[in-house]
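Here are the chains, one letter per residue:
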Amino acid sequence: MPDLDLVVKEIAEEMRQRPDRGEVATYIPELARADANAFGLAVIDADGNVALGGDAETPFSIQSISKVFTLTLALGKAGDRLWQRVGREPSGSAFNSIIQLEYEHGIPRNPFINAGAIAVTDLILSGHQPREALGEILRFLQFLADDETIAIDEAVAASERRTGFRNAALANYMKSFGVLENPVDFTLGVYFHHCAIAMSCRQLAMAGRFLAHQGRNPTTGRSVVVPERARRINAVMLTCGHYDGSGEFAYRVGLPGKSGVGGGILAIAPGKASIAVWSPGLDASGNSHLGRIALEALTKRLGWSIFGA
Ligand code: GLU
């Protein structure tokens, strides 16, 4: 077995030198400020060993990676009833597509496209004030990562609220079908803020450990979700975690993963490790360009693809 720390450092160095860096997202103006040269990688194995490379300690906007954690919370609240509000099939369309919603009567294809994540946020919000719901999401991440310093980047949240016309369209459209229970503004406010949570690769890999270890934090032994739920969340990550790039990600990397337009990816090697990578430049599907390439190199060198060597 190659040395984990060495492999992580090698990959970070290879990524640092590559000229192809993808395109930083600009549709949320505040995200456009990210440095295209940044690259970070963090891997935490079953024994709690932490391997870091590049800018693994620099916080970035986790954006849609937050949807893994809101899905976990919503399943905790509603159990399988959640699947009446949102499907679990890959969408094959862009992350913010509205077309499918009309055909499918306002029920989003899966919890990881924007429409689906907005419906999940609405479920978490029901019975609470937006501030309480947001506090619950943030505290959940702080608990999982064992780090109370994790916070929301208010500038990113405000920037997204100012320019989130398409998300507002998706939310209003779902509201017209009765899929959202709360005032659209409240649901969107919570959604924009949880997307604006800032975390480093190390913090994100810490937060993902329960998914790699059958729902348990392997260090404390504490259960976060039952094994069956962890397995199912991983399944949705594998099939839907990269929008219409999900097939390509499974083909090349072979792990459940969730990307965000901030350039982060959380990937899970079941039984082995929780992995977070960050590089702000995106590919045509809105997924981190070098993040995917780095994960492909990592799973190849360590033999970690769930589909075998
Ligand atoms: N907050 C972003 C949006 O709603 C999330 C998109 C993403 O990370 O893919 O557009």
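Owing to the predicted nature of the structure, the values given are computational and were not obtained by experimental measurement.

## Observations regarding the state of the cysteines
Per the counting criterion, the structure on display carries 0 disulfides. With no disulfide of its own, C240 lies 17 Å from the sulfur of C195, the closest cysteine sulfur. By relative accessible area, C240 is classed as buried at 2%.

## A few points about the site of the ligand
As a structural note, the neighbourhood of the ligand is formed by Y27, Q63, S64, F95, N114, E160, N167, Y191, C195, Y243, G260 and V261. Residue Y27 places a side-chain N or O atom 2.6 Å away from an oxygen atom belonging to the ligand. Between the ligand and the protein, one listed contact pairs an oxygen atom with a side-chain N or O atom of Y191 at 2.6 Å. For the ligand, whose accessible area on its own is 300 Å², the fraction buried by protein is 99%. Among the residues making up the shell around the ligand, the classes are represented as 6 nonpolar, 5 polar and 1 charged.

## A word on the packing of helix α4 (residues 114-125) against helix α7 (residues 165-176)
Interhelical geometry of α4 versus α7 gives an angle of 60° and a closest axis separation of 10 Å. Considered as vectors, α4 and α7 are oriented oblique to each other. In the packing of α4 onto α7, the handedness of the crossing is right-handed. Contact residues: α4 offers N114, A115, I118 and A119, while α7 offers N167, L170, A171 and M174.

## Here we look at a nonpolar patch on the surface
Together, I98, I99 and Y103 line one region of the surface with nonpolar side chains, adding up to about 350 Å² of accessible area. Mapping I98 onto the fold places it in the loop between α2 (66-78) and α3 (99-103).

## With respect to the nonpolar core
F69, L82, I197 and L204 are the most contacted members of the largest nonpolar core, which totals 64 residues. Take this core: its biggest share by element is 8 residues, from helix α5 (residues 130-145). One finds F39, L255, A273 and A297 within the second-largest nonpolar core, a separate group that totals 27 residues.

## Regarding the pattern of salt bridges
The full count for this structure, using the stated rule, is 15 salt bridges. A salt bridge links R301 to E10, with the nearest nitrogen and oxygen atoms 3.3 Å apart. Separated by 291 residues along the polypeptide, R301 in helix α13 (residues 289-302) and E10 in helix α1 (residues 4-17) bring together distant segments of the chain. For E228, the salt bridge identified is with R232, shortest N-O distance 3.8 Å. Residue E228 and its partner R232 are located together in helix α11 (residues 227-240), separated by 4 residues, close to a single helical turn. Classification of E228 as partly exposed rests on a relative accessible area of 41%. Residue classification places R232 among the partly exposed positions, given a relative accessible area of 43%. The network of salt bridges with shared partners includes E248, R252, R292 and E296.

## A closer look at the sheet that holds strand β4 (residues 60-61)
Read across the sheet, 3 strands follow the order β4-β6-β5 without closing on themselves; strand pairing throughout is antiparallel. Whereas interior strands pair on both sides, the edge strands pair on one side only; in this sheet they are β4 and β5 (151-152). As paired elements, β5 and strand β6 (residues 197-199) share 2 bridges and run antiparallel to each other. Counted as the bridge partner of A151 is A198 from β6. Those strands touched by α5 are β5 and β6, and its axis lies near 10° from that of β6.

Conventions and cut-offs
Residues numbered from 1 in each chain as written. Predicted model: local features only at pLDDT ≥ 70, side-chain atom pairs only at ≥ 80, totals over all residues. Heavy atoms only, no water. Disulfide = S-S within 2.5 Å. Buried < 20%, exposed > 50% of the residue type's maximum accessible area, 1.4 Å probe, protein only. Near = heavy atom within 4 Å. Polar contact = N/O pair within 3.5 Å; in protein donor to acceptor, adjacent residues only side chain to side chain. Areas by Shrake-Rupley, 256 points an atom, 1.4 Å probe, with all protein chains shown as cover. Nonpolar A, V, L, I, M, F, W, Y, C, P; charged D, E, K, R; others polar. Axes fitted to C-alpha atoms, helices over the stretch in contact; angles between N-to-C directions. Helix = DSSP H or I, 4+ residues; strand = E, 2+ residues; numbered from the N terminus. Parallel < 35°, antiparallel > 145°, perpendicular 65-115°, else oblique. Left-handed = near helix turned anticlockwise from the far one by under 90°. Contact = heavy atoms within 4.5 Å. Patch = residues over 30% accessible without salt bridge, like charges linked within 9 Å, V, L, I, M, F, W, Y side chains within 5 Å. Salt bridge = Lys/Arg side-chain N within 4 Å of Asp/Glu carboxyl O. Core = buried A, V, L, I, M, F, W, Y, C linked by side-chain atoms within 4.5 Å. Pairing = 2+ DSSP bridges.

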